[in-house]
Amino acid sequence: MQSDDVIWSVIGHEFCSYKVKTVTQNFCRNEYNVTGLCTRQSCPLANSRYATVRENEGVLYLYMKTIERAHTPANMWEKIELSKDYSKALEQIDKELKYWPNFTIHKCKQRVTKITQYLIKMRRIKLRQEPKLVGVKKKLDRREATRERKALSAAHLEKSIEKELIERLKSKAYGDAPLNVNESVWQTILDREKSGKEKELNAGAQLDMEDDETDGEEEEEEMEEEWDAEGEFVSDFSGDEDGDLDDELSDLEDVVDGGLGAEESADDQSDDDSSPEDQPPSKTVLGKRKTKPTAKAPPRKKLDKPGRRGPRVEVEIEREMESVPLTRSALANW
C-alpha cells in the first residue's frame, strides 16, 4: 500500500535524486513536476493523485495519475491531447479535472499559458532572418593544414624523383632498355616533355612575328616622316607639253565614249534581225585609234602632281565589255 506521508518524509527531509538545493529554496528536476519547486503539494512522487501539462513537438498533453493505477507503473499516467486553441485547452482542463484540488487545476492552467507563450515566441524567431552561428573547430583545421603541408611536400618529392629519372634516362645510365620498368611510363614522360618544348617553341615564334610586324610599322612611319620633311616636289614639264598631253587624253576619252554609245544604239535596233544563237559571242577591244574631233575641247586646268619626272608617256586604255553579240550595224560602224 502506497503512503504519501512516508514517501515525503524520506525524500523531503533526507535525500532525493531530483532535488536541487540553493540558498533561498529547493528546486525539483522531475519532468512531471507542475511547478518546478520541491514542496509537498508539487512533488509528483509524494502525491498519489497528481496532474501536469507537458509539451511534445509543439503539441500540449495533459498527464493525470490516480491511486488506482499505482500498482502498474507502466500505465500509471493517462495522456490526453489538448487543443491548439488556448481557450479550448482551458475548457478541456476544467472538464478533465472537475473534482480535483483547486491548486492542481490552477497550476495546470498556468503551465498551459506559459507553454503557449513560448511556442508563439519560437514561431516568431523562426520567421526572422538572423545570422547562423557556426562553431570553429581549431583542432580539425590544424589537422587539415598539417595534411595539406605533408601532401605538398610529397608532391615536390615526386616531381624531383621524376626529374632525376628523366635525366638518368637521357644520359643512358640504365642502358638503352631499362630493366624492371614499364615502357609506357617512360614513353608518357618523354611525350609530356616533348609537348612542353613544342609549346615553348610556338610561343617564341609568335613573339618573333609580333616583333617583326612592329619593326616594319616603325620603319614605314620613319620613311613617311622623312619624305614629309624633305619638302615639296615640282614638275619640270613645260606648259606646252602638259597641254598636249591633256589634249591627247581628252581625245582618247571622247573616242571611247563615242564608240560605246554607237554600239548600244546599234544593239537596240538589231535585236529583231539577229539572235544570239546565230553569232558567237565576242569581246570588243579598243586599240590606239584616234579621231580628231571637229571642235577642240576647252583646255583643262593644269594639275600640279608632285614627283612627276621623266620623259613623255603615252597611255593606252583597254576595256573589256560584257559578251554582247555584234550586229551588222555595229560591224559597219567599226
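In what follows, the structure referred to is the one given above.
The following paragraphs examine the structure supplied in this document.

Parameters and conventions
- Throughout this document, residue positions are counted from 1 along each chain, in the order its sequence is written.
- Local features are withheld for residues below a pLDDT of 70 in this predicted model, meaning they are given only at 70 or higher, and side-chain atom pairs are given and counted only at 80 or more; totals for whole chains, interfaces and linings count all residues.
- Only hydrogens and water are set aside when side-chain values are computed; all heavy atoms of the structure are taken into account.
- Two kinds of site are reported from a 1 Å grid over the protein atoms alone, namely cavities, where a 1.4 Å probe fits but cannot get out, and pockets, open sets with protein on both sides within 12 Å along at least five of seven lines, and residues are called lining when an atom falls within 4 Å of a point.
- Grid points are joined across faces, edges and corners, and a volume is the space filled by probe spheres set on the points.
- The classification used treats Ala, Val, Leu, Ile, Met, Phe, Trp, Tyr, Cys and Pro as nonpolar, Asp, Glu, Lys and Arg as charged, and all other residues, Gly among them, as polar.
- DSSP bridges decide pairing: two strands pair if at least two such bridges lie between them.
- Helix numbering and strand numbering both begin at the N terminus, where a helix is a DSSP run of H or I of at least 4 residues and a strand a DSSP run of E of at least 2.
- A fitted line through C-alpha atoms represents every axis, and for helices the fit uses only the stretch in contact; the resulting angles, taken between N-to-C directions, go from 0 to 180 degrees.
- The rule for a disulfide is simple: a pair of cysteine sulfur atoms within 2.5 Å.
- Multiply 1.5 Å by the residue count of a helix minus one, and that product is the helix's expected span.
- Type-normalised accessible area, obtained with a 1.4 Å probe on protein chains alone, sets the label of each residue: buried when under 20%, exposed when over 50%, and partly exposed for intermediate values.
- Should any heavy atoms of two residues lie within 4.5 Å, those residues are counted as being in contact.
- Between rings of Phe, Tyr and Trp, where Trp is taken as its six-membered ring, a pair exists when centres lie within 6.5 Å; planes separated by under 30 degrees are stacked, by over 60 edge-to-face, and by other angles tilted.
- A positively charged side chain is recorded as over a ring if its NZ (Lys) or CZ (Arg) lies within 6 Å of the ring centre. The angle to the ring normal must also be within 35 degrees.
- To define a nonpolar core, start from buried Ala, Val, Leu, Ile, Met, Phe, Trp, Tyr and Cys residues and group those joined through side-chain atoms within 4.5 Å.
- Oblique is the label for every angle not falling under 35 degrees (roughly parallel), over 145 degrees (roughly antiparallel), or within 65 to 115 degrees (roughly perpendicular).
- Less than a right angle of anticlockwise turn of the near helix away from the far helix marks a crossing as left-handed, whereas a clockwise turn marks it as right-handed.

Moving on, we get to empty space enclosed by the protein. If you walk through the whole model with that rule in mind, you get two cavities of 30 Å³ or more. One number sums up the size of the largest cavity: a volume of about 60 Å³. Lining the largest cavity are 13 residues, and of these C16, C28, C38, C43 and P44 lie nearest its centre. Looking at side-chain class alone, the lining of the largest cavity contains ten nonpolar, three polar and no charged residues. Contributing to the lining of the second largest cavity are Q2, S48, K65, T66, A70 and M76.

In a beta sheet, neighbouring strands pair by backbone hydrogen bonds and run either parallel or antiparallel. In spatial order, the strands read 3-4-5; together these three strands make up an open sheet with antiparallel pairing. The open sheet has two edge strands with one neighbour each: strand 3 (50–56) and strand 5 (77–81). Across the sheet, the mean angle from the axis of one strand to that of its neighbour is 25 degrees, orientation sign disregarded. Judged from the five bridges that link them, strand 4 (residues 59–65) and strand 5 form a sheet pairing that is antiparallel. Looking across to strand 5, one finds that M64 is bridged to E78.

To continue, consider the state of the cysteines. One way to say it: the disulfide is the covalent bond shared by the sulfur atoms of two cysteines. Applying the stated criterion to the full structure yields zero disulfides. A disulfide-free cysteine, C16 has its sulfur positioned 6.0 Å from the sulfur of C28, the nearest such atom. C28 provides the cysteine sulfur closest to C38, a residue in no disulfide bond, and the two sulfurs are 5.8 Å apart.

The subject of this paragraph is helix 3 (residues 102–127). Here helix 3 contains 26 residues, and its C-alpha end-to-end distance of 39 Å stays within 8% of the 38 Å for a straight helix at 1.5 Å per residue. Listed as buried for helix 3 are T104, I105, C108, V112, I115, T116 and L119. Packing partners of the buried residues in helix 3 comprise strand 3, strand 4 and helix 2 (86–96).

A few words now on the packing of aromatic side chains. The final tally for this structure, using the stated rule, is three aromatic pairs. A ring pair is formed by Y32 and Y63, whose centres lie 5.8 Å apart and whose planes are at 75 degrees; its orientation type is edge-to-face. Here the residue Y32 occupies a position in the loop between strand 2 (26–28) and strand 3, and Y63 occupies one in strand 4, the gap between them amounting to 31 residues. Geometrically, the ring pair formed by Y50 and W77 is edge-to-face, given 6.4 Å between the ring centres and 85 degrees between the ring planes. Placement of Y50 in strand 3 and of W77 in strand 5 is noted, with a sequence separation of 27 residues between them. The exposure class of Y50 is buried, given its relative accessible area of 3%. The exposure class assigned to W77 is partly exposed, which follows from its relative accessible area of 21%. The side chain of R49 reaches across the aromatic face of W100, ending 4.7 Å from its centre.

On to the nonpolar core. By size, the foremost hydrophobic cluster in this structure holds 19 residues, and its most contacted members are V53, L62, M64, L82, L97, C108 and V112. Those elements that place two or more of their residues in this core are strand 3, strand 4, helix 2 and helix 3. Top element by residues in this core is helix 3. It accounts for five residues. Sequence-distant contacts of L62, defined by excluding residues within four places in its chain, comprise T52, V53, E78, K79, I80, L82, E96 and C108. W8, I11, C16 and A46 belong to the second-largest nonpolar core, a separate cluster that totals five residues.

What follows covers the packing of helix 2 against helix 3. Running from N to C, helix 2 and helix 3 point in directions that differ by 160 degrees, and their axes come no closer than 10 Å. Considered as vectors, helix 2 and helix 3 are oriented roughly antiparallel to each other. Crossing geometry of helix 2 relative to helix 3 is assigned as right-handed. The residues of helix 3 that touch helix 2, namely those facing Y86, A89, L90, I93 and D94, are I105, C108, K109, V112, T113 and T116. Tallied by class, the residues present in the contact of helix 2 with helix 3 amount to seven nonpolar, two polar and two charged.

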